[in-house]
Amino acid sequence: MNRVQSIAGGMIRLATFGVALSAGLLLAGVTVAATKTSLVLGMSVEPQGLDPTVSAPVAIGQVTWQNIFEGLVAIDKDGKIVPQLAKSWEISGDGLIYTFKLQQGVKFHDGEDFDSAVAKFALDRARGPESTNGQKRFFAAIDTIDTPDKQTLVLKLKERNGSLLYWLGWPASVMVGTQSAANDKTTPIGTGPFKFVSWTKGDRVELVANPGYWNTQTKLGLDKVTFRFIADAQAQAAALKSGDVDAFPEFAAPEMMEGFKEDTELVTVIGNTELKVVAGMNNTRKPFDDKRVRQALMMAIDRSTVIDGAWSGFGTAIGSHYTPNDRGYIDLTGTYPYDPEKAKALLAEAGYPNGFTFTIKTPQMPYAPRSAEIMQAMFAEIGVTMTIEPTEFPAKWVQDVFKGTDYDMTIVAHAEPMDIDIYARDPYYFNYKNPAFTDVIKKIELTADTVEQEKLYGEAQKILADDVPALFLFVMPKLGVWNAKLKGLWENEPIPSNVLTDVHWED
Amino acid sequence: MSAVTVTVEKPAARRTSLFLRRPNLVIGGAIIAILVIIAFVSLFWTPMPPGKMQIIHKLKPPLAQGLLGTDHFGRDVLSMLMAGAWNSLSIATVAVAFGASLGTLLGVTAAARRGVFEAVAMRANDVIFAFPPILSAMMLGALLGTGRFTAIIAIAVFMVPVFSRVTVSAASQVWARDYVLAARAAGKGGVLITIEHILPNIANQIIVQVTIQLGLAILTEAGLSFLGLGMAPPAPTWGRMLADAQTYLGTAPWLAILPGLAIALTVFGFNMLGDGLRDLLDPREKGRT
């Protein structure tokens, strides 16, 4: 099978080479040394569809968000909310009425005009009964949507929601056209600076610059963009070194980063992400229903060793489901620090003086089995036997763990920013229920005051750090590798994305 | 009158050393003997406990830490290779034993019964043979979960047609011999004839086949572990060591070279031994060397 693929790949490459060669010959006389305006950007995971409003995987947004699709508001590279298709907004004093003034002259790639009726359609589609939106709860607070005129959109809320505006900036909340929405999964049509051209499944998605882009202040540096999907780290490195791919904003193998340093053509950029690696436990299953057992397991783990062994030392230890980039972060890694002796004592107190045996279901992404192997050795020190069961991600993992909650422990990186509220969701795969925590999350949503919110986020973090519904391990950094002449890619990742608006080549 | 294929040594005058006469046999045998010894030793002693992680000592080259260096978790590579030898050899041996017994049983039965039974059995074998062992291992893994048992079954299943084919053709030839006809004429049943005449006469060919298939089984086991379908961690296997080493090729090449060498050497050993045994035992090859 591999050989067939590589032969086919080789033929495609050969054909591409031929086309490129003849195109090059044609152009040679005209443009001699113009700045490059095309980009090939590599990703490890291929999205299953291209409509971020119908399913949750972050890879969808990493191709389409801000490139093809735009939202009422956007999130910028510092994680701030900025106006986009809504040029301004007002929030009533009681926080229940949001009035958006929309941009004029915005057209979808298929020619449809964007106005308040379209915006209402898009939001109704996302929150409606038929919606499969991965973040449907975002819109739960919205009661009614009114369109007094073409340029005005009014959202009336059932109750205050401090996060709504931020959520409207997410990939899941982008604006889709009334005529094109149904086909966005395969042929996405948005209002963004790039238009969709083609999707070769298993290989690439191609985009071109949108000449009719409404925001004339944006000067695009690219006219052609190709997203390539390459899962294997070795192949990623080879593609970067040969110049087949210009950038891997999220390179797959931290241990290979050192090797790029000698290459003067490439730069390595270590940035922040929201990727929290946590080992979730089934909080209703024995023995994990006992808080002391979870705390003991947490104390059995030396986070710095896990980071060093699993991710070559790239990463920051966390003590709760919150990253140092999130507002109101407090370092809680000291709540249950590494202490195998104490862990053993606590296990004995919980009624497991001789430890116990359980299974961890690990997805195949390299961080998962590697972290699991180290944890296995650490648990063995306190007499706990952990069996590692590889579980294919996403299909089988989603079925067994996420939906079926048929598991003891699992390990996965949570990519969404500020998603501490998942521990208040019911149902959610941790099966964790703590009314005190749910109460704090409710309060956060009802508060508009950011200082108060941050205080409450602090409380939420402390509850999790003490309850240990999941073993909080570390935040993965964004390991970017790209051509040294390429500028404008985001260094950090306040939200999973590959925003290409400012990307350009320098001579 | 049954010992037609007994090997007869040449006269003493031609007695040169076994090594010169049968270099394959000696080299292959020596490699396998050493491996078997290492595998058994690993059950009682390895330089370090094979799963012991010392992350502060990770990725040390050979001789800097331990004889063969350490891996990305700071585990001693030599200890892992030794324990891996046991895992590889034990899985391969059990799988081939299963496959050979079942395949031989099927083969001799088909040769004895002929007719519809043979046709059905042989076509069923063809069907099994058409599935690559990796594919059947993946299906079995989905059904039973991955692990030692799955690996053994997956390899054994694909050994069955190999052995039944070899057996059926060899046994059919024996069935046509005069002394078998005589036995039948004397009223002996198929089971008795198979035990008394067929099996002793085809044993050599089966032994040769077992040796060659062991090499193939080692390779398949390594392939399965490489894909994560073999034994679960922390049990060290050569295949998984190779898989883990992939991304360290640039920085720590010994992590890939050493288990790769171990696999290659073992397969080479079994093939040499198989060749040597064939020269020694298989009557059809007589006179060729």
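This one's a predicted model, so the numbers in the text were calculated from it and none came from an experiment.

(A) Spotlight on the overall build of chain A. On a plain count of helices and strands, chain A comes out with 13 helices and 22 strands. For 507 residues, the compact-globule estimate of 2.2 N^0.38 gives 23 Å, and the C-alpha radius of gyration of chain A, at 24 Å, lies within 12% of that figure. Considering only C-alpha atoms, chain A reaches an extent of 80 × 60 × 35 Å along its principal axes. Across the 507 residues that make up chain A, the buried fraction comes to 44%.

(B) Spotlight on the domain arrangement of chain A. Residues and elements named next belong to chain A. Under the domain assignment used here, chain A contains domain 1 (50-183), domain 2 (194-272 + 478-505) and domain 3 (273-477). A C-alpha centroid distance of 32 Å is found between domain 1 and domain 3. Opposite the 8 residues of domain 1 that make contact, domain 3 presents 8 residues. Partitioned by chemical class, the residues of the side of domain 1 that touches domain 3 number 2 nonpolar, 4 polar and 2 charged.

(C) How the structure looks around the packing of helix 2 (residues 23-44) of chain B against helix 3 (residues 77-113) of chain B. Residues and elements named next belong to chain B. Where helix 2 contacts helix 3, the two axes come as close as 8 Å, and the packing angle between them is 110°. As summarised for this structure, helix 2 and helix 3 are arranged roughly perpendicular, according to the angle between their axes. In this structure, helix 2 meets helix 3 at a crossing whose hand is left-handed. Packed against helix 2, whose contacting residues are Leu35, Val36, Ile38, Ala39, Val41, Ser42 and Leu43, the element helix 3 presents Met82, Ala83, Ala85, Trp86 and Leu89 at the interface. Looking at the contact of helix 2 with helix 3 residue by residue, the classes come out as 11 nonpolar, 1 polar and no charged.

(D) Spatial organisation of the UniProt feature "domain: ABC transmembrane type-1" (unreviewed entry) in chain B. The UniProt record marks residues 85-274 of chain B with the feature "domain: ABC transmembrane type-1" (unreviewed entry), using the residue numbering of this structure. Secondary structure across residues 85-274 of chain B comprises 84% helix and 0% strand; the distance between its end C-alpha atoms is 19 Å.

(E) Representation of the interface of chain A and chain B within the structure. Counting residues at the interface gives 18 residues for chain A and 17 residues for chain B. Those elements giving two or more residues to the side of chain A that touches chain B turn out to be helix 5 (233-242), helix 6 (257-260), helix 8 (303-311), helix 10 (367-381) and strand 16 (385-390) of chain A. Taken together, the residues of the side of chain A that touches chain B break down into 7 nonpolar, 6 polar and 5 charged.

(F) Expanded view of the UniProt feature "domain: Solute-binding protein family" (unreviewed entry) in chain A. Mapped onto this numbering, the UniProt entry gives "domain: Solute-binding protein family" (unreviewed entry) at residues 80-418 of chain A. Measuring from the first to the last C-alpha atom of residues 80-418 of chain A gives 13 Å, for a span that is 24% helix and 24% strand.

(G) Region of the structure containing helix 5 (residues 133-144) of chain B. With 12 residues, helix 5 of chain B extends 16 Å between its outermost C-alpha atoms, agreeing within 8% with the 16 Å of an ideal straight helix rising 1.5 Å per residue. Just downstream of helix 5 of chain B, Gly145 of chain B is the residue with a positive phi angle, here 85°.

(H) Inspection of the sheet that holds strand 16 of chain A at higher detail. Residue and element names in this part refer to chain A. In space, the 3 strands of this open sheet follow the order 16-15-17, with parallel pairing throughout. Edge positions in the open sheet fall to strand 16 and strand 17 (409-410), since each of these has one partner strand only. Bridging between strand 15 (residues 357-362) and strand 17 involves 2 bridges; their strand directions are parallel. Each bridged residue has a counterpart across the sheet, and for Lys361 the counterpart in strand 17 is Thr410. Packing against the sheet, helix 10 makes contact with strand 15 and strand 16, and its axis sits at approximately 165° to strand 16.

(I) Region of interest: the sheet that holds strand 18 (residues 412-414) of chain A. All names here are of chain A. Sheet architecture is open: 4 strands sit in the order 14-19-13-18, paired in antiparallel fashion. Because the sheet does not close on itself, it has two edges, and the strands there are strand 14 (316-317) and strand 18. Sheet topology note: the strand 13 (residues 276-280)/strand 18 ladder contains 3 bridges and is antiparallel. Following the sheet pairing, Val278 is matched in strand 18 by Val412. Helix 8 rests against strand 14 and strand 19 (470-475) of the sheet, and its axis sits at about 55° to strand 19.

(J) Summary view of the confidence of the model for chain B. Residues at a pLDDT of 70 or more form 92% of chain B, whose mean pLDDT is 87. Both confidence scores are given for the complex: pTM 0.80, ipTM 0.75.

(K) Local environment of the pairing of strand 10 (residues 224-229) of chain A. All names here are of chain A. The pairing of strand 1 (residues 38-43) with strand 10 spans 6 bridges and is classified as parallel. In the strand pairing of strand 10, Met43 is matched with Phe229. Alignment of strand 9 (residues 204-209) against strand 10, held across 5 bridges, turns out to be antiparallel. Counted as the bridge partner of Glu206 is Thr226 from strand 10.

Reading guide: rules and limits
- For every chain, the first residue of the written sequence is number 1, and numbering continues from 1 onward in sequence order.
- Ligands are numbered from 1 and chains lettered from A, in the order in which they are written.
- Totals for whole chains, interfaces and linings use all residues, but because this is a predicted model, local features are given only for residues with pLDDT of at least 70 and pairs of side-chain atoms are given and counted only at 80 or more.
- For helices the rule is a DSSP run of H or I covering at least 4 residues; for strands it is a run of E covering at least 2, with both sets numbered from the N terminus onward.
- It is over C-alpha atoms that the radius of gyration is taken, and the globule rule equals 2.2 Å times the number of residues to the power 0.38.
- Residue burial is a threshold on neighbouring C-beta atoms within 10 Å of the residue's own C-beta, all placed from the backbone, with 20 or more meaning buried, 12 or fewer meaning exposed, and counts in between meaning partly exposed.
- Marked domain ranges trace back to an automatic or database domain assignment.
- Once C-beta atoms have been placed from the backbone, residue pairs whose C-beta atoms lie within 7 Å are recorded as contacts.
- We call Asp, Glu, Lys and Arg charged. Ala, Val, Leu, Ile, Met, Phe, Trp, Tyr, Cys and Pro are nonpolar, and the rest, Gly among them, are polar.
- Whenever a helix is involved, its axis is fitted only over the stretch in contact; in every case the axis is a line through C-alpha atoms, and angles between N-to-C directions fall within 0 to 180 degrees.
- For classification, angles of less than 35 degrees are called roughly parallel, those exceeding 145 degrees roughly antiparallel, those between 65 and 115 degrees roughly perpendicular, and all remaining angles oblique.
- It is the rotation of the near helix from the far one that decides the hand of a crossing: anticlockwise by less than a right angle makes it left-handed, clockwise makes it right-handed.
- UniProt positions are given in the numbering used here, feature names are shortened, and annotations may be inferred rather than shown by experiment.
- Helix span, expected: 1.5 Å multiplied by one less than the number of residues in the helix.
- Strand pairing is defined by DSSP finding a minimum of two bridges between the two strands.
- Scored between 0 and 100, pLDDT is the confidence that the predictor attaches to each residue.

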